[in-house]
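One letter stands for each residue in the lines below.
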Amino acid sequence: MIWAFGIAAAVLLLAGISGFVWVNRLFEAPEAKHVSSLTGELGANRVMTVFAHPDDEQLANGLITSAKAGGAYVAQVTATRGEAGTQVPVVARQRDLGVIRHAEVLKNGFALGIDEQEVWDYPDGGVPDVPMDELVARVAEAIARYRPDLVVTFWPASGATGHKDHMRMGLAAEQAILRLRAGEGEYRGPSHVAYALTPPRAMARLAGETGRFVVENQPAPTHAVPGNTASKLKGWEIHASQGDYVRKAYGVPARLLYLVWDKELYAVRAASEIEGEN
């Protein structure tokens, strides 16, 4: 009987390994170029991220930490305080959530080594209602002030997750770069834009209708960067009001998810390739 239990254990182990390999492949993007540092690959010394909510920077955690390890300057704009979010777990009165999440993103930015951060006060969930000219002007002013070589944001047609705030900030970032490129100042905007993407095969197979929408509306990834799992896990500890977000959204603990989602995917474009609309 002992040998029977041994065979059964071996079969279960092989099944587990096969399942892990299958899931891991869903989070891969064979078409993407694997690089240790996107800023190193592009020769960028100054980076600026343009995001919508506190914790959006978790999507670019590996890019940011590798940029800082290479000596780059990093600035970050977060357009809202995340006050409309769901607490997972509940850590404060809901009416105070904006204050809490504002502090969380500043703390995580400090942990990531971000040099300068701005947290704006646009309404969480209401960014598409903000006049586009206002958003573009404010993002353009921030870009001109921080003078990045590389801007990191969301793809305007998909927003990585289909969130309309993400999509709007990605579009505002693009329009701001176009405005700077058309200007007459000494600084004419970044040389490249990197759009943070979610793994297309995993989204298509595991994320239902939203996943299919994202995949159908985002470009193919051009670059893959190590995700820095340790830093991401620390980030979720700092974002205490969202500490169980990964488990709630994906059905597995963050530590387990990042065993398979261990790379960040980006679509990189030269700023000169940005068009007026996607």
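Summary of the structure given here. Quick caveat, the model's predicted, so the values are computed rather than measured.

## Let's talk about the nonpolar core
Generally speaking, soluble globular proteins have nonpolar side chains that are buried together. Counting residues in each nonpolar core, the largest one holds 37 residues, and the members touching the most others are Trp120, Val139, Ile143 and Met169. Counting only elements with at least two residues in this core, the list comes to strand S2 (46-51), strand S3 (73-80), strand S4 (116-122), helix H5 (132-146), helix H6 (164-181), strand S6 (192-197) and strand S8 (263-270). The dominant element in this core, judged by the number of residues it contributes, is H5, at eight residues. Sequence-distant contacts of Met169, defined by excluding residues within four places in its chain, comprise Val50, Phe51, Ala52, Ala79, Trp120, Val127, Leu135, Val139 and Thr153.

## Considering the packing of aromatic side chains
With the rule as written, the count across this model stands at six aromatic pairs. Measuring from centroid to centroid gives 6.1 Å for Trp120 and Tyr122, while their planes differ by 80°, and the two rings are edge-to-face. Like Tyr122, Trp120 is buried. Ring geometry for Trp236 versus Tyr245: centroids 5.7 Å apart, planes at 25°, classification stacked. Trp236 sits in the buried class, given a relative accessible area of 8%. Looking at Tyr245, the relative accessible area reads 32%, which means it is partly exposed. An aromatic cluster is defined as three or more aromatic residues linked by ring pairs; in this entry it consists of Phe27, Tyr250 and Trp261. Directly above the aromatic system of Trp120 lies the positively charged group of Arg138, at a separation of 4.3 Å from the ring centroid.

## Some words on the layout of surface pockets
To find leftover empty space, a probe the size of one water molecule is rolled over the atoms. Its volume calculated, the largest pocket comes out at about 700 Å³. Lining the largest pocket are 33 residues, and of these Asp55, Asp56, Thr161, His166 and Tyr245 lie nearest its centre. Elements with a minimum of two residues in the lining of the largest pocket: S6, helix H9 (229-238), helix H10 (245-250), helix H11 (254-260) and S8. Here the lining of the largest pocket is composed, by residue class, of 16 nonpolar, nine polar and eight charged. Each pocket or cavity is described by its volume, and for the second largest pocket that value is around 450 Å³.

## As for the packing of helix H4 (residues 97-112) against H9
Taken N-terminus to C-terminus, the directions of H4 and H9 make an angle of 155°; their axes are 9 Å apart at the nearest point. Here H4 lies roughly antiparallel to H9, going by the angle between them. As H4 runs across H9, the sense of the crossing is right-handed. Between H4 and H9, the residues in contact are Glu104, Lys107, Asn108, Ala111 and Leu112 and Ser231, Lys234, Gly235 and Ile238, respectively. Residues that form the contact of H4 with H9 fall into these classes: three nonpolar, three polar and three charged.

Definitions and cut-offs
- Residues numbered from 1 in each chain as written.
- Predicted model: local features only at pLDDT ≥ 70, side-chain atom pairs only at ≥ 80, totals over all residues.
- Heavy atoms only, no water.
- Core = buried A, V, L, I, M, F, W, Y, C linked by side-chain atoms within 4.5 Å.
- Buried < 20%, exposed > 50% of the residue type's maximum accessible area, 1.4 Å probe, protein only.
- Helix = DSSP H or I, 4+ residues; strand = E, 2+ residues; numbered from the N terminus.
- Contact = heavy atoms within 4.5 Å.
- Phe/Tyr/Trp six-rings, centres within 6.5 Å; stacked < 30°, edge-to-face > 60°.
- Lys NZ or Arg CZ within 6 Å of the ring centre and 35° of its normal.
- 1 Å grid on protein atoms, 1.4 Å probe; cavity = no way out; pocket = protein on both sides within 12 Å on 5 of 7 lines; lining within 4 Å.
- Points joined across faces, edges and corners; volume = space filled by probe spheres on them.
- Nonpolar A, V, L, I, M, F, W, Y, C, P; charged D, E, K, R; others polar.
- Axes fitted to C-alpha atoms, helices over the stretch in contact; angles between N-to-C directions.
- Parallel < 35°, antiparallel > 145°, perpendicular 65-115°, else oblique.
- Left-handed = near helix turned anticlockwise from the far one by under 90°.

Keep in mind these numbers describe shape, not what the thing actually does.
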